[in-house]
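Listed below, chain by chain, are the residues.
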Amino acid sequence: MDNYAISDNFSLLSKLMDIHGENSFKAKSFASAAFTIEKLPTPLKDTPREEIFRIKGIGESTGKSILEMLDTQQFPLLNHYLEITPAGILEIMKIKGLGPKKIATIWKELEIESMGELLYACNENRLMLLKGFGAKTQESVRQNIEFYLSNRHRFLFAEVAATGQQLEKQLQQLLAPIPVSLTGAFRRHSIIIDEIELLIAAPVAIVQQQLATLPGFSLTTTNDTNLVWQLEEKLKIITHSCEPAQFHATLFNTTGSTAFIDQFHAAGGAAFISGATSEEAIFTAAGMDFIPPFLREGANEISLARQHQLPEVIVSSDIKGIIHSHSNWSDGESSLEEMATAAKAQGFEYLVISDHSRSAFYANGLHIERILAQHAEIDALNIKLAPFRIFKSIESDILNDGALDYPDEILAKFDLVIASVHSNLKMTEEKAMARLIKAIENPYTTILGHMTGRLLLSRNGYPVDHKAIIDACAANNVVIELNAHPRRLDIDWTWLHYALEKNVLISIDPDAHSIHGFQDIQYGTLAAQKGGITKANNLSSYTVDMLNNYLLQRKQQKNIPS
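Definitions and cut-offs
- Residues numbered from 1 in each chain as written.
- Predicted model: local features only at pLDDT ≥ 70, side-chain atom pairs only at ≥ 80, totals over all residues.
- Heavy atoms only, no water.
- Helix = DSSP H or I, 4+ residues; strand = E, 2+ residues; numbered from the N terminus.
- Rg over C-alpha atoms; globule rule 2.2 N^0.38 Å.
- Contact = heavy atoms within 4.5 Å.
- Areas by Shrake-Rupley, 256 points an atom, 1.4 Å probe, with all protein chains shown as cover.
- Lys, Arg positive; Asp, Glu negative; His and termini not counted.
- Charge placed at Lys NZ, Arg CZ, Asp CG, Glu CD.
- Expected span 1.5 Å × (residues − 1).
- Buried < 20%, exposed > 50% of the residue type's maximum accessible area, 1.4 Å probe, protein only.
- Arc of directions from axis to C-beta.
- Axes fitted to C-alpha atoms, helices over the stretch in contact; angles between N-to-C directions.
- Parallel < 35°, antiparallel > 145°, perpendicular 65-115°, else oblique.
- Left-handed = near helix turned anticlockwise from the far one by under 90°.
- Core = buried A, V, L, I, M, F, W, Y, C linked by side-chain atoms within 4.5 Å.
- Pairing = 2+ DSSP bridges.
- Right-handed = clockwise from strand over helix to strand, strands pointing away.
- 1 Å grid on protein atoms, 1.4 Å probe; cavity = no way out; pocket = protein on both sides within 12 Å on 5 of 7 lines; lining within 4 Å.
- Points joined across faces, edges and corners; volume = space filled by probe spheres on them.
- Phe/Tyr/Trp six-rings, centres within 6.5 Å; stacked < 30°, edge-to-face > 60°.
- Lys NZ or Arg CZ within 6 Å of the ring centre and 35° of its normal.

Q: I'm lost on the overall build of the protein chain in this one. Help?
A: Along its length, the protein chain carries 24 helices and 14 strands. Rg of the C-alpha trace for the protein chain: 26 Å, near the compact-globule value of 24 Å for 562 residues, within the 12% margin. Seen along its three principal axes, the alpha-carbon backbone of the protein chain occupies a region of about 70 × 65 × 50 Å. Across the protein chain, contacts joining residues at least 24 apart in sequence account for 67% of those joining residues at least 6 apart. Of the roughly 25,400 Å² of accessible surface on the protein chain, 51% is carried by carbon and sulfur atoms. Of the side-chain charges in the protein chain, 50 are positive and 66 negative, and the distance between the mean point of each set is 4 Å.

Structure follows, in structure tokens:
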């Protein structure tokens, strides 16, 4: 059991104890321990037993519980509360905006024990009758429930990527020499996945017989051409069947989005699909360059393919440096030197360290004196690690009025500034646009971070006029971040085409809070590919010298002392 699992157990226990009205001091002690454990640099399983009790924030009771989990992989106290808590209450705990105290009130006073009952109560205005609830709270709860219910069986691509790839290999081995391929939205690398689709050149009966032997597979729907399965009772798998002679034609038809297939037919390509010997042959016969699966979304790819002008899209190896990362100066896991050394060892030429600014008190944001101290450390490390370079940056909060978080004389000390919204996210479009445009027009803003603040499948972003923001970035020479964290992927790839039209640079940035977070650039790259981004359009594809020259020239243009 790793630190995160232990921390999650303590956090859940604390909330359940609050819901059941247990001693608040005890509940808080488990919550405090959860926070402490999540931030520990060393795994508890590798920590000497006697040292565990010396960790600040770990008491006698929590220490014994840690040892119990390490030794038995079980936590009986948590299990007890799980047993006496209705399953529906556990699900309601997933709804944003409802803390343990409010959940306890809903449960005890309205006798609500399921998500459906709670939604019904909201629609009937029953929550407004409870102490501590009002019309706004009720409406927020209702919207969050509907958002949760609509996304319950959806997944981030990153969450199921390995499963899909492993499943394809597993079925290829099981059914060899029958052709098998991933298809559908998964093959297009869609950022949200509702189901994993596979094409198999075999009759439905044979596919059903073979897959029924696999562990975790349960059949839910059958028809003449496909089967619908549940994998481990949560992930939908669809297997399409076809004749061997129609494999490539069916793969083509099941891969492209509806818009893509309609446009391909409208362009006169329908006659070249049936019986094709390969997907490449389909495009060649239609007088087009081959369009990779990830581009088959129905944007402008067919027109470009006919003109033989498809872009050579970016790949992960084109990323030359890590832009947007956090160290333990703010809320990162590792030291600045550890982050830089790891980036260098992975072949990157530079690291842009962009810890949180002072208004982000919850993330140990940097006050001015700490900025100066960090810069001194960076200077020393740049001598030690040369030719690798650490660029001085900050992720500056965009304040409520659109201002950045430091006076100009401090902002001028950074090589670049990433400006992001982190607080007061519930804004009207008018408020959000005024706030963002003012930040974009600030001469010190180099990169606009995670444009909408969305968290995929968890939180809708604040409403923005994407075109107006992109236009403002073009006018002010501001780069737009494609935040590569798989839960953000913000800016959405569907707006990248417009950014390219306006000659706005994109920056694929991992927003890494740990060394492991560097790996997220792969998901940002996949999203960038769908938008047709090339390495020339991406700031983090610049070499260290190119980035340095770009930043110096930009400062000159903005009359910023360097």
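From this point, things continue past the structure.
Q: Help me out: how do you make sense of helix α24 (residues 544–557) in this one?
A: Since the α-helix packs 3.6 residues into each turn, any two residues three or four apart lie on the same face. Here α24 spans 20 Å end to end across 14 residues, near enough to the 20 Å set by a 1.5 Å rise per residue. All of the buried residues in α24 are Val-544, Leu-547, Tyr-550, Leu-551, Arg-554 and Lys-555. Looking straight down α24, one finds its buried side chains confined to an arc of 130°; they lie on one side. What points out from α24, more than 90 degrees from its buried face, is the exposed set Asp-545, Gln-556 and Gln-557.

Q: It is not clear to me how unusual backbone geometry should be interpreted in this structure. Could you clarify?
A: Most peptide bonds are trans, and most residues other than glycine sit at a negative phi. In this model, Ala-176 is joined to Pro-177 through a cis peptide bond whose omega is 10°. Summarising the element assignment, Pro-177 is placed in the loop between α10 (157–175) and β2 (180–183). Going from Ala-386 to Pro-387, the amide bond is cis rather than trans, its omega being 10°. One can find Pro-387 in the loop between α18 (368–385) and β10 (389–397).

Q: Explain the packing of helix α8 (residues 115–123) against helix α9 (residues 135–150) here, please?
A: Packed helices, taken two at a time, are described by the angle between their axes plus the distance between the axes. Running from N to C, α8 and α9 point in directions that differ by 140°, and their axes come no closer than 9 Å. The angle between α8 and α9 falls in the class oblique. Note on packing geometry: the crossing formed by α8 with α9 is left-handed. Here Met-115, Leu-118, Leu-119, Ala-121, Cys-122 and Asn-123 of α8 come into contact with α9, specifically with Gln-138, Val-141, Arg-142, Ile-145, Glu-146, Tyr-148 and Leu-149.

Q: What should I look at first to understand the nonpolar core in this one?
A: The nonpolar side chains of soluble globular proteins are, as a tendency, buried together. If you look at the biggest cluster of nonpolar residues, it comprises 98 residues, and the most contacted ones within it are Leu-171, Ile-196, Ile-237, Leu-448 and Ile-469. Not counting chain neighbours up to four residues away, the residues in contact with Ile-237 comprise Leu-167, Ile-196, Leu-198, Phe-217, Leu-227, Val-228, Trp-229 and Leu-231.

Q: Teacher, can you tell me more about the pairing of strand β9 (residues 350–356) here?
A: Along any regular strand the residues' side chains alternate between the sheet's two faces. Summarising burial for β9: seven of the seven residues are buried, a large majority. Of the strand pairs in this sheet, strand β8 (residues 321–325) and β9 are connected by four bridges, and their pairing is parallel. Of the residues in β9, the one forming a bridge with Gly-321 is Tyr-350. Relative to β10, β9 is paired through seven bridges, and the arrangement is parallel. Bridge assignment links Tyr-350 to a residue of β10, and that residue is Arg-389. Note on the crossover from β9 through α18 to β10: the handedness is right-handed.

Q: How should I be thinking about empty space enclosed by the protein in this particular structure?
A: Any space left empty among the atoms is revealed by the rolling of a water-sized probe across them. Counting across every chain of the model gives two cavities of 30 Å³ or more. Space inside the largest cavity adds up to approximately 80 Å³. Along its surface, the largest cavity is lined by Leu-411, Phe-414, Asp-415, Leu-416, Val-417, Pro-443, Tyr-444, Thr-446, Leu-551, Arg-554, Lys-555 and Ile-560. Elements supplying a minimum of two residues to the lining of the largest cavity: β11 (416–420) and α24.

Q: Looking at this model, I keep getting lost on the packing of aromatic side chains. Mind explaining?
A: Centre-to-centre distance and the angle between the planes together describe a pair of aromatic rings. Per the counting criterion, the structure on display carries 14 aromatic pairs. Plain terms: the ring middles of Phe-260 and Phe-264 are 6.2 Å apart, the flat faces sit at 25° to each other, and that makes the pair stacked. In this pair, Phe-260 and Phe-264 both sit in helix α14 (residues 258–266), four residues apart, roughly one turn of the helix. In this structure Phe-264 comes out as buried when scored by relative accessible area, which is 0%. On the basis of an interplanar angle of 40° and a centroid distance of 6.4 Å, the ring pair of Tyr-406 and Phe-414 is categorised as tilted. On the basis of relative accessible area, Tyr-406 is assigned to the buried category, the value being 5%. We classify Phe-414 as buried; its relative accessible area is 2%. The structure contains a cluster of three or more aromatic residues connected by ring pairs, namely Phe-252, Phe-260, Phe-264, Phe-283 and Phe-290. Above the ring of Trp-107, the side-chain terminus of Lys-108 is found at 3.7 Å from the ring centroid. One cation-aromatic arrangement involves Lys-530 over Trp-493; the distance from NZ or CZ to the ring centre is 5.0 Å.

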